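Architecture and fold: a report
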Amino acid sequence: MVRYIIGRIGYLIVTFFIIAALTFMLMQLLPGSPFNSEKLTNEQIEILKDQYHLNDPIAKQFINYIGGIFKGDLGVSFTYDGRPVTKLISERIGPSAVLGIESTIVGTILGLLLGIIAALRRNTYIDYISMIVAVLGISIPSFVFAGLLQYFVGVKWALLPVAFWEGPLYHVMPVISLAVGVMATIARFMRTEMLEVLGQDYMTTAKAKGLSSVTVVFKHAIRNALIPVITILGPLVIGLVTGTLVIEHIFAVPGLGDQFVDSISKRDYPMIMGTTLLYSALFLIIILVVDLLYGIIDPRIRLASGGKD
Amino acid sequence: MDKLLEIKDLHVSFDTYGGEVKAVRGVNLDVKKGETLAIVGESGSGKSVTSKAVMGLIPNPPGRIKQGEILFNGKDLTKLSDRKMQGVRGKDISMIFQDPMTSLNPTMTVGKQIMEGLIKHQKLSRSEARERTVKLLDLVGIPNPDKRVKQYPHQFSGGMRQRVVIAIALACNPMLLIADEPTTALDVTIQAQILDLMRDLQKQMSTSIILITHDLGVVANLAHRVAVMYGGKIIETGTVDEVFYKPKHPYTWGLLSSMPKLHGKSEELLAIPGSPPDLSNPPKGCPFAPRCPHAMQVCIEHMPDYTELTDTQKSACWLLDERAPKVEPPETIGVGGSK
Ligand SMILES: Nc1ncnc2c1ncn2[C@@H]1O[C@H](COP(=O)(O)OP(=O)(O)OP(=O)(O)O)[C@@H](O)[C@H]1O
Ligand code: SF4
Ligand SMILES: [Mg+2]
């Protein structure tokens, strides 16, 4: 198991550097330039380019860049007065992380509950309502939902702050907008898995032991139904992170997403690359964690090396 | 011997889209203390439904017990609340299932799966339950039990898993054990081992057993009495000797003819031609009539009553009516025909 984890981390690092290299190359292909402003003369642009080492040979830039990553240095921003990218990111990452984590937790818990209840009350109106909610949640994009929430709850009824990030109440609408999709996907998945598990022979065995229905559902059904659900958690969280880009913009959350979008339009190469690398690292870690979690919760994988009798 | 279980006029139906499936239609059965009763019959005859009704495990919906009593030590199980029934399941009555590959929870150690019942019914602490679990694994013939308790079902072979299932069933020393085709899913050599184990355990623990099987060889080996089911009804019942050597019902004849010979001399197997009745629209007369070579007009219109042939043997067939023509059982029935 330890060897497996070390191996996986090794792969993760290699993948990360491949992504770093690809991002660097894409930056070279990105049309436009950071210094397109009409106020700048050609000379000034040359000076700026020199200053930011943009006139060095590509290979040298690349080596500097990769070397910097090793040292935890992602270069300096072109637009924010030459401040280090790591500093800029760390200033903005807080709200994004909070938003992402809250949405994941809220979406997952609600989704599981909805899925479990729907499965246990299969073919009743509770089930039908749950699944209608789920289908709506999956089909309505988070930004549409965010817009509707903002208009009705924020503007029209003035129940919650329309935008910004200044306290718990400000979290409600962005978190709901992001969590709905997660909830809906998990609810549908969990319902299917629960129904599958509830029909298994070992559920009858559990009941035949005289266990109460609550014990049977919690100790035997839910755990087994959760295993496959964990696998979709990875892609879901990744989708959610992408969602934050737009949602932060709509609710004016001072997060990474907003900054990222901004840096792309300004061709702030180091910022773009830095943020991309951060997201890539996050995705890679999520995928690893989900795989490991899968192994922990499913003994058939955990003990794959142990033989039969 | 006292009656441990008495099923009286049990009717179980399933409400499906195609209408009401009358899976069990008036079953009467009893099991005495320390006795093994075998229930045999073709697929779909209602054997599992009957046993699930005893366990209170008929899925509802779609299933329901329409009528009848299931008296266990004189107390009607069909009238118990869910909670009370949970106290009976796994403690007084337990069950062994057909397919050991699917009847254990894949994500829980076998030890925990056995301990659950002990903790629930015998109020043992975890450590006491663990000790008892190790002893149980030893009892059902699993080597290295103290190592095995911590393992998961996928680390066991099919035969070993069935031993675990048996350990779960026996954990609380039940008075009645229902084994629904406990060996059908196993290799032939393993089958024999599991049957030996069951026989030994029954001697040690004097548990009553209801054994459901297609395999008449198993019946001859293990059971004291046999009930033959067809179309949701018991059509003949008697001691093993009576049913094997003096069967009176044409369906029992058919079953015996379709069985590989017990004493060597393999002959061709004679499957009973035709198929079992549609239980969503059961015949009003004898359910076997469409397939019975001796069927008469009366068979199609009226269900025959039981004829008590001895204290222990009963058979529901019009041929036993004094007005019916005398019919001899065929030569092909397994154990040398009737004398
Ligand atoms: N959940 C259910 N829903 C609808 N019908 C059912 C259900 N369970 C059983 N039945 C019906 O009840 C009848 C008897 O089934 P049962 O399982 O008791 O047969 P069996 O004698 O155990 O057969 P086998 O030897 O194949 O196990 C069948 O016709 C089946 O269609
Ligand atoms: S009652 Fe009639 S149809 Fe039924 S088994 Fe007897 S003879 Fe055959
Ligand atoms: Mg069955």
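Everything numeric in this text was worked out from a predicted model, so none of it was measured.

Helices and strands together make up the secondary structure of chain B, namely eleven helices and twelve strands. Taken over the C-alpha trace, chain B has a radius of gyration of 21 Å; the compact-globule value for 339 residues is 20 Å, and the two agree within 12%. Expressed as lengths along the three principal axes of its C-alpha atoms, the size of chain B is roughly 70 × 50 × 40 Å. Of the contacts made within chain B by residues no fewer than 6 positions apart, 65% connect residues no fewer than 24 positions apart. Here chain B has roughly 15100 Å² of accessible surface; of this, 51% comes from carbon and sulfur atoms.

The secondary structure content of chain A amounts to twelve helices and zero strands. Summarising its shape, the C-alpha atoms of chain A cover approximately 85 × 60 × 30 Å along the three principal directions. Within the span of chain A, comprising 309 residues, buried residues form 42% of the whole. By sequence separation, contacts in chain A at least 24 residues apart represent 72% of the contacts at least 6 residues apart.

Glancing now at the site of ligand 1. All names here are of chain B. Around ligand 1, 15 residues are found, and the nearest of them are Ser43, Gly44, Lys47, Ser48 and Val49. In this structure, Gly44 approaches ligand 1 through a main-chain N or O atom, which is 2.8 Å from an oxygen atom. At a separation of 2.8 Å, an oxygen atom of ligand 1 approaches a polar side-chain atom of Lys47. Summarising the interface, the protein chains cover 68% of the accessible area of ligand 1, which totals 630 Å² for the free molecule. Of all the secondary-structure elements, those providing two or more residues to the shell around ligand 1 are strand S1 (3-16) and helix H1 (47-55). With three residues, the top contributor of residues to the shell around ligand 1 is H1. Here the shell around ligand 1 is built from residues that sort into five nonpolar, seven polar and three charged.

With that out of the way, let us pick up the packing of helix H9 (residues 213-250) of chain A against helix H11 (residues 269-297) of chain A. Residue and element names in this part refer to chain A. It is the contact of H9 with H11, at a shortest axis distance of 9 Å, that shows an interaxial angle of 170 degrees. Taken together, the axes of H9 and H11 are roughly antiparallel relative to one another. On H11, the residues touching Arg223, Ile227, Pro228, Ile230, Thr231, Leu233, Gly234, Val237, Ile238, Val241 and Leu245 of H9 are Tyr279, Leu282, Phe283, Ile286, Ile287, Val290, Leu293, Tyr294, Ile296 and Ile297. The class makeup of the residues in the contact of H9 with H11 is 18 nonpolar, two polar and one charged.

Near ligand 2 there are 13 residues, and of these Cys286(B), Cys292(B), Cys299(B), Cys317(B) and Trp318(B) occur at the shortest range. The residue makeup of the shell around ligand 2, split by class, is eleven nonpolar, two polar and no charged.

Before going further, it helps to examine the side chain of Thr108(A). Take Thr108(A): it is sitting in helix H4 (residues 85-120). With sequence-adjacent residues up to four places away left out, Thr108(A) is seen in contact with Ser103(A), Val182(A), Ile186(A) and Leu233(A).

Turning our attention to the UniProt feature "domain: ABC transporter" (unreviewed entry) in chain B. When the UniProt feature table is mapped to this numbering, "domain: ABC transporter" (unreviewed entry) covers residues 5-256 of chain B. When the span residues 5-256 of chain B is considered, its composition is 39% helix and 28% strand, and the gap between its end C-alpha atoms is 27 Å.

On to the UniProt feature "domain: ABC transmembrane type-1" (unreviewed entry) in chain A. The sites that carry the UniProt feature "domain: ABC transmembrane type-1" (unreviewed entry) are, in the present numbering, residues 93-294 of chain A. Spanning residues 93-294 of chain A, this segment combines 85% helix with 0% strand, and its end C-alpha atoms are found 28 Å apart.

Moving on: the interface of chain B and chain A. Taken together, the contact pairs 28 residues of chain B with 25 residues of chain A. Roughly 2400 Å² is buried in total at the junction of chain B and chain A, and carbon and sulfur atoms are behind 55% of that figure. If you sort the residues of chain B by the area they bury against chain A, Thr107(B), Glu116(B) and His154(B) come out on top, with a joint share of 25%. For the pair chain B and chain A, the interface holds two salt bridges. A salt bridge links Lys209(A) to Glu116(B); the nearest nitrogen and oxygen atoms lie 2.7 Å apart. Linking chain B with chain A are 13 residue pairs in polar contact (both at pLDDT 80 or more). Contributing elements (two or more residues each) for the side of chain B that touches chain A: helix H3 (110-122) and helix H6 (158-170) of chain B. Per-element tally for the side of chain B that touches chain A: the top contributor is H3(B), with five residues. Each residue belonging to the side of chain B that touches chain A can be placed in one class, and the counts come to eleven nonpolar, twelve polar and five charged.

Attention now goes to helix H3 (residues 58-70) of chain A. Residue and element names in this part refer to chain A. For H3, spanning 13 residues, the distance from its first C-alpha to its last is 19 Å, which sits close to the expected 18 Å at 1.5 Å a residue. Burial in H3 covers these residues: Gln61, Tyr65, Ile66, Gly68 and Ile69. Taken end-on, H3 shows its buried residues confined to a sector of 155 degrees, consistent with a single buried face. The exposed set on the far side of H3, more than 90 degrees from its buried face, consists of Ala59, Ile63 and Phe70. Gly72 sits one or two residues past H3 and shows a positive phi near 75 degrees.

Residues and elements named next belong to chain B. One pass over the structure, following the stated rule, counts 20 salt bridges over all chains. Close ionic contact of Arg291 with Glu42 constitutes a salt bridge, the shortest N to O distance being 2.9 Å. Of this pair, Arg291 sits in the loop between helix H10 (250-257) and helix H11 (297-301) while Glu42 sits in the loop between strand S3 (36-40) and H1, and the two are 249 residues apart along the sequence. The same class applies to Arg291 as to Glu42, namely buried. Several salt bridges converge on common partners, so that one network encompasses Lys3, Glu6, Asp30, Lys32, Glu35 and Arg225.

Residue and element names in this part refer to chain A. Relative to the helices and strands, Leu112 resides in helix H4. It is 9.7 Å that separates the C-alpha atoms of Leu112 and Thr185, two residues lying 73 residues apart in sequence. Apart from the residues lying within four places of it in its own chain, the contact partners of Leu112 are Ile186, Met190, Leu226 and Val229.

All names here are of chain B. Along the chain, Gln151 falls in the loop between helix H5 (145-148) and H6. Given the relative accessible area of 13%, Gln151 is considered buried. Residue contacts for Gln151: discarding those within four places in its chain leaves Thr109, Val110 and Phe156.

Looking now at the sheet that holds strand S4 (residues 63-72) of chain B. All names here are of chain B. Taking strand neighbours across the sheet as the criterion, the four strands line up as S2-S1-S4-S5 in an open arrangement whose pairing is antiparallel. Among the strands making up the open sheet, the edge pair consists of strand S2 (19-32) and strand S5 (75-76). Lying on the sheet, H1 is in contact with S1, S2 and S4; it crosses S1 at an angle near 110 degrees.

Here we come to unusual backbone geometry. At the junction of Asn60(B) and Pro61(B), the peptide bond is cis and its omega measures out at -10 degrees in the coordinates. Mapping Pro61(B) onto the fold places it in the loop between H1 and S4.

Next up on the list: the layout of surface pockets. Considered as a void within the structure, the largest pocket measures approximately 1700 Å³ in volume. Around the largest pocket, the lining comprises 43 residues; the ones closest to its centre are Lys207(A), Ile58(B), Pro59(B), Asn60(B) and Pro61(B). At the level of secondary structure, the elements contributing two or more residues to the lining of the largest pocket comprise H4, helix H7 (168-198), helix H8 (201-208) and H9 of chain A together with S1, H1, S4 and helix H2 (82-88) of chain B. By residue class, the composition of the lining of the largest pocket is 20 nonpolar, 14 polar and nine charged.

Conventions adopted
- Residues numbered from 1 in each chain as written.
- Chains lettered and ligands numbered in written order.
- Predicted model: local features only at pLDDT ≥ 70, side-chain atom pairs only at ≥ 80, totals over all residues.
- Heavy atoms only, no water.
- Helix = DSSP H or I, 4+ residues; strand = E, 2+ residues; numbered from the N terminus.
- Rg over C-alpha atoms; globule rule 2.2 N^0.38 Å.
- Contact = heavy atoms within 4.5 Å.
- Areas by Shrake-Rupley, 256 points an atom, 1.4 Å probe, with all protein chains shown as cover.
- Buried < 20%, exposed > 50% of the residue type's maximum accessible area, 1.4 Å probe, protein only.
- Near = heavy atom within 4 Å.
- Polar contact = N/O pair within 3.5 Å; in protein donor to acceptor, adjacent residues only side chain to side chain.
- Nonpolar A, V, L, I, M, F, W, Y, C, P; charged D, E, K, R; others polar.
- Axes fitted to C-alpha atoms, helices over the stretch in contact; angles between N-to-C directions.
- Parallel < 35°, antiparallel > 145°, perpendicular 65-115°, else oblique.
- UniProt positions renumbered as here; feature names shortened; annotations may be inferred.
- Buried area = accessible area lost by both parts, 1.4 Å probe.
- Salt bridge = Lys/Arg side-chain N within 4 Å of Asp/Glu carboxyl O.
- Expected span 1.5 Å × (residues − 1).
- Arc of directions from axis to C-beta.
- Pairing = 2+ DSSP bridges.
- 1 Å grid on protein atoms, 1.4 Å probe; cavity = no way out; pocket = protein on both sides within 12 Å on 5 of 7 lines; lining within 4 Å.
- Points joined across faces, edges and corners; volume = space filled by probe spheres on them.

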